[in-house]
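Read off the chains here:
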Amino acid sequence: MKPMRVGLLGLGTVGGGTVEVLRRNREEIARRAGREIVVVMASARDLAKARPVGVEGISLVADPAAIVSHPDIEIVVELIGGETRARELVMAAIASGKHVVTANKALLAKHGNELFAAAHAQGVMVAFEAAVAGGVPIIKAIREGLTANRIEWLAGIINGTCNYILSEMRDKGLPFDVVLAEAQRLGYAEADPSFDIDGIDAAHKLTILSAIAFGIPMQFDRACIEGIGKLTAADIKYAEGLGYRIKLLGISRRTPGGIELRVHPTLVPARRLIANVEGVMNAILVKGDAVGPTLYYGRGAGAEATASAVVADLVDVTRMATADPEHRVPHLAFQPDRLSAIPILPMEEVETACYLRLRALDRPGVLADVTRICADRGISIDAIFQKEAGEGEEQVDVVILTHRTREKDVNAAIRAIESLATIASPVIRIRLEELL
Ligand code: NDP
Ligand code: HSE
């Protein structure tokens, strides 16, 4: 059988890893796919930089459009990143009847609805396993493995850079900037690392996961996003003392009022498996009504881990290329005409437990004022802890753990607490999830 001919747009971290994995495991991959998968063309803006990735036999071009329009190419692999140029190229590939494999979560979260509609109309596949959690086959697991279930919720560590930063800060006491520079050197971070730090990359991935878990369109603009930029060593330490780890989680949950879609630092009980996921590793907990909780774990970023997912997609597309389009797995797991209009729940209506840290004057009555404010808003306190004042210190840290409460009520309580004359600085709020 003739080899499947692939054109690669981008020869950076993931593009280079893809060339290497396809080369090294060529025979094994052909035995699985039923035919060889061969990269015949590849593009990079700086061709001199791309040469060391082992591109012998591949026709290199500077302009990715030359690949998209080339009649010999059957699958276009988009590994450029960004939204504008990548969107134009992917739309052009689809329009010319080529299948697409992409690792670009930003593109899918923001333009996925349009891309999948175009692909459906053209009868081509857009595969995107590498877009979420690097090498962890979470798309396949949710879209196919859990297909019998009504999914109740999912929660995941889905940004390797942030998890790496949080782990290194906690374990080695290294400063934020030093760890971020290392994550960039290792090829984990996005071209603009603020996408990682500010939680945007995790929200892109969560948008994709929520779409395939609940059968809803991509709705990135409705996600509530908070990154790790404001986390302090003090909060990480207090959380540890109380038996919790802080992780940047993406959480999506089905509730009677709508689907929760939120990314934020989260206290998780230290005894949960997911709380012990360290470094660049990712993990996603998915709770289905039939199977119960399931956990998927693995390397969430880096050249070959991500290439593992890209190549898995290439094999899938190769196997399914001759199948009737109606018999393929739908892009968003549910048939395109059966997507649900269930709304995304506004953040103010979301219920979570919370960690609140206040900097308070060490005077009689301060805690009574704070607890009254909480009680007036129906906020039930689970635990309260005051750090002993240091010598000559007038202000002390007070940490409160609340039971599950509506975000709206916690916001109102925080405003009232901050207006007390005895409270010295803004209240720190970190949401807490038991993940049961
Ligand atoms: P890199 O920056 O390492 O590589 C990008 C490649 O695309 C380079 O070859 C670059 O060329 C080329 N390129 C960039 N912009 C353009 C453009 N406008 N026109 C033509 N070529 C362009 O990125 P990564 O490999 O890290 O990431 C690629 C994609 O994979 C992104 O969508 C990313 O989010 C995603 N991803 C990355 C992971 C990782 O661990 N790195 C993991 C999972 C997904 P040149 O170098 O010459 O500028
Ligand atoms: N920047 C991303 C991360 C790459 O750190 O998780 C993998 O998508």
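Residues numbered from 1 in each chain as written. Chains lettered and ligands numbered in written order. Predicted model: local features only at pLDDT ≥ 70, side-chain atom pairs only at ≥ 80, totals over all residues. Heavy atoms only, no water.

A few words on the pairing of strand β4 (residues 75-78). Side-chain alternation along β4 places I75 and V77 on one buried face and V76 and E78 on a second face that is also buried. Both strand β1 (residues 4-9) and β4 contribute to a ladder of four bridges, which runs parallel. From the neighbouring strand, L9 faces β4, where its bridge partner is E78. Judged from the four bridges that link them, β4 and strand β5 (residues 99-102) form a sheet pairing that is parallel. Each residue of the ladder has a partner; that of E78, found in β5, is T102. With helix α5 (residues 84-95) bridging β4 and the parallel β5, this β-α-β connection has right-handed handedness. (Buried < 20%, exposed > 50% of the residue type's maximum accessible area, 1.4 Å probe, protein only. Helix = DSSP H or I, 4+ residues; strand = E, 2+ residues; numbered from the N terminus. Pairing = 2+ DSSP bridges. Right-handed = clockwise from strand over helix to strand, strands pointing away.)

Close to ligand 1 lie 23 residues, the nearest being L11, V14, D46, E190 and G302. In the model, an oxygen atom of ligand 1 is placed 3.0 Å from a nitrogen or oxygen of the R45 side chain. Here an oxygen atom of ligand 1 sits 2.7 Å away from a polar atom, N or O, in the main chain of D46. About the coverage of ligand 1: the protein hides 83% of its 910 Å² of free accessible area. Here the residues of the shell around ligand 1 sort into nine nonpolar, eight polar and six charged. (Near = heavy atom within 4 Å. Polar contact = N/O pair within 3.5 Å; in protein donor to acceptor, adjacent residues only side chain to side chain. Areas by Shrake-Rupley, 256 points an atom, 1.4 Å probe, with all protein chains shown as cover. Nonpolar A, V, L, I, M, F, W, Y, C, P; charged D, E, K, R; others polar.)

This brings us to the side chain of R357. Summarising the element assignment, R357 is placed in strand β13 (residues 351-361). Polar side-chain contacts of R357 include one of 2.5 Å to the side chain of D235. Within the structure, R357 has its side chain in polar contact with the side chain of D397 (distance 3.5 Å). Discounting residues that sit within four places of it in the chain, R357 has contacts with T232, D235, Y238, D397, V398, V399, P426, V427 and I428. (Contact = heavy atoms within 4.5 Å.)

Reading across the sheet, the six strands line up as β3-β2-β1-β4-β5-β6 and stay open at both edges, with parallel pairing between neighbours. This sheet does not close on itself; its edge strands, each paired only once, are β3 (59-61) and β6 (126-127).

Okay, the domain arrangement of the chain next. The domains assigned to the chain are domain 1 (4-135 + 303-338), domain 2 (138-299) and domain 3 (349-432). Distance from the C-alpha centre of domain 2 to the C-alpha centre of domain 3: 26 Å. Counting from both sides, the interface comprises 14 residues of domain 2 and, opposite them, 15 residues of domain 3. Both sides of the domain 2 and domain 3 interface together cover about 1400 Å² of buried area, and 63% of this is carbon and sulfur. Salt-bridge contacts for R357 lead to D235; the nearest nitrogen and oxygen are separated by 2.5 Å. (Domains from an automatic or database assignment. Buried area = accessible area lost by both parts, 1.4 Å probe. Salt bridge = Lys/Arg side-chain N within 4 Å of Asp/Glu carboxyl O.)

A few words now on helix α14 (residues 366-376). Three or more residues of α14 are buried, namely V366, V370, I373 and C374. Looking straight down α14, one finds that the buried residues subtend no more than 100° of arc, so they occupy a single side. Along α14, the residues that are exposed and aim more than 90 degrees away from the buried face are A375 and D376. As for α14, its buried residues are in contact with β13, β14 (381-386), β15 (395-402) and α15 (407-418). (Arc of directions from axis to C-beta.)

Looking now at the nonpolar core. Among soluble globular proteins, nonpolar side chains are generally buried collectively. With 96 residues, the main nonpolar core has V132, I138, I142, L209 and V286 as its most contacted residues. Looking at this core, the element that brings in the most residues is helix α11 (residues 200-214), giving nine residues. Contact partners of V132, with chain neighbours within four places excluded, come to I138, I139, I158, K205, I208 and L209. Of all hydrophobic cores here, the second largest spans 33 residues; its members include V6, L79, A307 and V310. (Core = buried A, V, L, I, M, F, W, Y, C linked by side-chain atoms within 4.5 Å.)

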